[in-house]
Structure formats: structure tokens, C-alpha cells
Amino acid sequence: MELNRRNFLKTGSVAVAGSVFLPPLLQSCQNVPISEQMKFFLDHFEVTPQMLQKVIAAAMSKGGDYADLFFEHTTSGNLGLEDGKVNRAFSNIDYGVGIRVLKGDQTGFAYSEEVSLESMLNAAKLAANIADSKNSFSPPVTAEKVPANYYPIARKWEAVSVKDKVPFVQKINDKIFALDEKVIKVNAFMGDSTSYILFYNSEGRLSYDYRPMAHFGALCIMQRGQQIENAYAARSFRKGYEWLTDELVDELAREAVDRTNILFDATKPKAGEMPVVMGAGGSGILLHEAIGHTFEADFNRKGTSIFSDKMGKKVAENFINIIDDGTLENNRGSINIDDEGNEVQKTYLVKDGILNSYIHDRISANYYQVAPTGNGRRESFRNVPIPRMRATYMETGPHTRDDIFAAVEYGVYVDNFTNGQVQIGAGDFTFFVKSGYLIEKGKLTRPIKDINIIGNGPQALADITMAANDYLIDNGTWTCGKDGQSVPVTCGLPTVLVKKLTVGGTNA
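I will try to describe carefully the structure that is included in this document. Each chain carries its own residue numbering, running from 1 in the direction its sequence is written. Only residues with pLDDT of at least 70 are given local features in this predicted model, and only at 80 or more are side-chain atom pairs given and counted; all residues enter the totals for whole chains, interfaces and linings. Note that the side-chain values use all heavy atoms of the structure and ignore hydrogens as well as water.

### Points about the pattern of salt bridges
For this analysis, a salt bridge means a side-chain nitrogen from Lys or Arg found within 4 Å of a carboxyl oxygen belonging to Asp or Glu. Per the stated rule, a full pass over the model turns up 32 salt bridges. Salt-bridge contacts for Glu-203 lead to Arg-362; the nearest nitrogen and oxygen are separated by 2.3 Å. Taken together, the residues Glu-203 in the loop between β7 (183–201) and β8 (205–224) and Arg-362 in helix α9 (residues 362–368) connect sequence positions 159 residues apart. Here the term buried applies to any residue with accessible area under 20% of the maximum for its type, exposed to any over 50%, and partly exposed to those in between, with areas from a 1.4 Å probe on protein chains only. The class of Glu-203 is partly exposed, set by a relative accessible area of 48%. On the accessibility criterion, Arg-362 (14% relative accessible area) is buried. Notably, a salt bridge pairs Arg-235 with Glu-251, separated by 2.8 Å at the nearest N-O pair. Placement of Arg-235 in strand β9 (residues 227–237) and of Glu-251 in helix α6 (residues 246–262) is noted, with a sequence separation of 16 residues between them. Take Arg-235: its relative accessible area is 14%, and that puts it in the buried class. A network of salt bridges, in which partner residues are shared, links Glu-82, Asp-83, Arg-88 and Lys-185. Strands here mean DSSP runs of E at least two residues long; helices mean DSSP runs of H or I at least four residues long; both are numbered from the N terminus.

See the structure below:
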């Protein structure tokens, strides 16, 4: 390990409550059979299994049903380029432990930015107050759970200096300017983070995760006459420094320029209700926002989702399969364990058109008496885990892209969404479409831009009449917000035909 927490603290220390905190000496991990990798993570946070058991016992001391400890150490860095120069650079270090106690479906929670036994015991006693009875809890034998590794890397970001990253940000700037004389400005950006996670719960489960993340992209601004347009391209993966290549620079630069150029001749279609073809890949954001959130089990458990009474019922055509997946290699939405220490999996939310599963955390899984799906996620150790998506996508369908276009007499094709609003309970949505094309007599004709797509997620799902054999994951910088927490996700879709949505364009 090139830069671990101990080495950082030796050189910089950590400010806690107005004072300087230096870590205590490591305690022995004797008498507990653990792997070398687990020992590394215990040493990284300077805790022992015996300390973890003491803290869990304090958390369970007032009669809680369950408790867990979530340790996190995250380092991150970001670069920004504007006006041809790298003029923004910053880094951050976050460190602490979150302690959660469950009593029924109620949650007691506290966190500490200082991982000493005394601080953890104080936080555990605070979280324990969700319960109100005496308890003679005895911690079970610790059982290590070795996680899968869905994001192998060659070179850790901690081993990479700012000097190693700056050339790539400069290259994408220069490449975009070289591709088109209409380019007047480029904003390039790059960021990376590394999280060390240690997890322990009152059932004795002890596990860990190492989570790398990187993103890279650029905004291209072009001018033709008095008209100015802009578009951007970006990628994000759980990969190491080896991901940055000249080929990636070329791909992103070309995509940013092409996306911007389309907008100069784009117009708006006539407003109204019409067929909408969703392009493969990035259109999956509509699947995520307008449909995926309504599958999250907390909304269904509370009866606020329109799908709360539809488990096992038909919700789409037979050829539609919708998946939430935490196992895609190096994917931005993948995790080796969820933030409740559970294994992750590929979960069919809709199977052959039938609602097959909700997206569960521990609380909802207990409520529905099903196994957790590995979707308990949190923004950081300062937050409680809740049901969250990971990589949410629709599998390939039985049609071809040409078949879908041929079935549309007049409609729109959209493939570049920017933002939108969704009423999660009912699934009503409005999305802003950056660019697309008009479909006339089965053919793509004029480019379109700056339109709204309005509809209802569950109804749109039911109205998907065709799905192509070109399923694609969009590896952009997607981030999902819910209950004040943000987590990295991805989405995907094949080309699909929704038989009718409201398109906000020009007056008819």
C-alpha cells in the first residue's frame, strides 16, 4: 500500500474537534482466525476483533434487534481545466465510523470521526437508545466474509501524483480544439477516489471492500456565426490509473465535438403526444429515474409506490427483463459488498414482463421475508443505508433497431438526456432532452434539441412495444440522489419504442 492511513497521519495528522488527534498503537488481533487481507483492513483502521465486539455489545445493550459498524476511509482528488490551463485542483480525506442499531423497522444511528475505543463506545451507546430494555447480548464468534472482486486494477490512484494526471486533461483540451475550428472553449475535468471499507455486525460478520473510482471528460463550446452550442462527453469506472490512455482522450474528444455539432442545425418538433424511440445506452436514465425508484422496497413497504401491490403481476411485455446488477466488472455502479455487508448479485426486477423483485436493504428484506439483494447503500459513514440502485438496465430484446424505426410513421428519437424531475410514488416524470432526431415515415430525418419528454414511468414501461437487440450500458458520470444522499450508479437500455409520450416542442 503506497499511502495508508497510518502514513498519512504521521505526516499530516487529523483535526478532531479543534485538537490534533494521533492514533493509538495497534492492538493485537490474536486468537481470531483472519486472513492477511482482513488483517490489513483491521490494521488500516487500527482496530481489533475484540474492540469491534465491545462496541457491538454496547450498541446492543438496550435491547436492539441488530447492530452494525461501518468504517470508511476515502481519499479523493479533482482537476479542472479552463482557458487552456489546469486552474483547479483539490483533494479531500474523509475518515470515520457509522454505528447503526435496529429495533423493528426503527433505526438508531450515530457516527464518529475518531476511531478510538472510547469514541466508538460513546457513539454506540447513543445509537442504542432506539431500544429501551436491558439486554445481555453476547457477541457471536467472528466470521470473516471474503468478498468478490468486481473491480480489479493495476495501479492504485494513491500511487499517482497530480503531475501524472495533468497531461491527460491538457491533451483532451488540445484534441478538441484541433478537431473543429468552431471550438471556442473547453472545460475539462478529472477526478478519482479510493475508499477503504471495513464492516462488522452483531451476527459476527466481518468483511471489507476496496473501492476505486475515476471519472474523466470535457465540455465543448462551439460557435457558428452568432449561434453558440455546447455538449459534453465523460466516462466513469471503478478502474485504476491504467484506464487513462490516449485512445480514451481521442474517443471523448470526438464524442464531445460531434454532439455539439449536431445542435447547430437542430430544431424543435411540434408538441404533442407521439411515439418515442429511446436510444440504446444513456436513455436508461429514464428507466432508472421513472421506473427504478418505484421498485425500491422502502417506497413499496410504505405503500407510496404504484408497484406496492403488483409483485408477481404482469407490468410489461413478455420480452422485457429489467435488472439491477452490482457485479459488472469495473462498473461505476458495482460494489463488492453492499454497505450492510451483504453479497451483491444480479437481481431481476422484471422477468419476462412480470414484477419479480424489489430493491431491498436489510429492513425491507426482513419485512418481506426475502433475502437481501445487496442494495443497502449509503453516501458515507455519516449516513444510514437505504435501498439504492447500482447498475440498472434492460436486457436485449427480440427486435432490430431498423424494425423499430420502420414501425414509426411520425415521432422522435432521443438519446441524450440532461436532467429531469420524477414523482417517485406515482412515477410521473419530465425529462429534458439535449438532442435527438425526428422520425418521419420510418426514417431518421432532422436533428432536434431542447425538448421535454413527459409521462408516467409505470405506464411508459407498459407501453414499450418493441425492444432491440442492441442493449448498451452507458458509462457516464451518473450519480443518484435520494433522501439527501448521493451514490454512484450506471444505467443501460436497448433501443426501445414507447408507443406514446408527451413531447414538449413548438406549438402545433
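### Points about the packing of helix α5 (residues 162–179) against α6
Every angle, taken between N-to-C directions, lies between 0 and 180 degrees, and every axis is a line fitted to C-alpha atoms, over only the stretch in contact when it is a helix. At a minimum axis distance of 9 Å, the contact between α5 and α6 shows a crossing angle of 45 degrees. As summarised for this structure, α5 and α6 are arranged oblique, according to the angle between their axes. Remark: the crossing between α5 and α6 carries right-handed chirality. Here α5 contributes Phe-168, Lys-171, Ile-172, Lys-175, Ile-176 and Leu-179 to the contact with α6, which in turn contributes Asp-246, Val-249, Asp-250, Leu-252, Ala-253, Arg-254, Ala-256 and Val-257. Note on residue categories: nonpolar means Ala, Val, Leu, Ile, Met, Phe, Trp, Tyr, Cys or Pro, charged means Asp, Glu, Lys or Arg, and polar means any other residue, Gly included. Here the contact of α5 with α6 is composed, by residue class, of 9 nonpolar, no polar and 5 charged. Orientation labels follow simple angle bins: below 35 degrees gives roughly parallel, above 145 gives roughly antiparallel, 65 to 115 gives roughly perpendicular, and whatever is left gives oblique. Crossing handedness is read from the near helix: turned anticlockwise from the far helix by less than a right angle, it gives a left-handed crossing, and turned clockwise, a right-handed one. Every residue pair with non-hydrogen atoms within 4.5 Å of one another is taken to be in contact.

### Structural notes on the packing of aromatic side chains
Ring pairs are drawn from Phe, Tyr and Trp, using the six-membered ring of Trp, whenever the two centres fall within 6.5 Å, and their geometry is named by plane angle: stacked under 30 degrees, edge-to-face over 60, tilted for the rest. A complete count under the given rule lists 18 aromatic pairs for this structure. Ring centres 6.2 Å apart and planes at 50 degrees place the aromatic pair Phe-40 and Tyr-196 in the tilted group. Here Tyr-196 lies in strand β7 and Phe-40 lies in helix α2 (residues 36–45), a separation of 156 residues in the sequence. By relative accessible area, which is 27% here, Phe-40 ends up partly exposed. A ring pair is formed by Phe-45 and Phe-71, whose centres lie 5.5 Å apart and whose planes are at 50 degrees; its orientation type is tilted. A residue pair is termed long-range when its members are at least 10 positions apart, and Phe-45 in helix α2 and Phe-71 in strand β3 (residues 66–82) qualify at 26 residues.

### Some thoughts on the nonpolar core
Ranked by internal contacts, the top residues of the largest apolar core, which has 46 residues, are Met-278, Phe-295, Val-414, Ile-453 and Leu-461. No other element matches helix α7 (residues 284–291), which puts 5 residues into this core. Setting aside its immediate chain neighbours within four residues, Phe-295 contacts Asn-300, Phe-307, Leu-349, Val-350, Leu-355, Tyr-358, Ile-359 and Leu-461. Only buried residues count toward a nonpolar core. Its members are Ala, Val, Leu, Ile, Met, Phe, Trp, Tyr and Cys residues joined through side-chain atoms within 4.5 Å.

### Concerning α6
A rise of 1.5 Å per residue sets the reference length of α6, with its 17 residues, at 24 Å; its end C-alpha atoms lie 25 Å apart and thus fit the reference within 8%. Of the positions making up α6, those classed as buried are Leu-248, Val-249, Leu-252, Ala-253, Glu-255, Ala-256, Val-257 and Thr-260. One fewer than the residue count of a helix, multiplied by 1.5 Å, yields its expected span.

### Here's the deal with helix α3 (residues 49–59)
For α3, the set of buried residues is Pro-49, Met-51, Leu-52, Val-55, Ile-56, Ala-58 and Ala-59. Buried-residue contacts for α3 involve α2, β3, β4 (85–103), α4 (117–127), β7 and β8.

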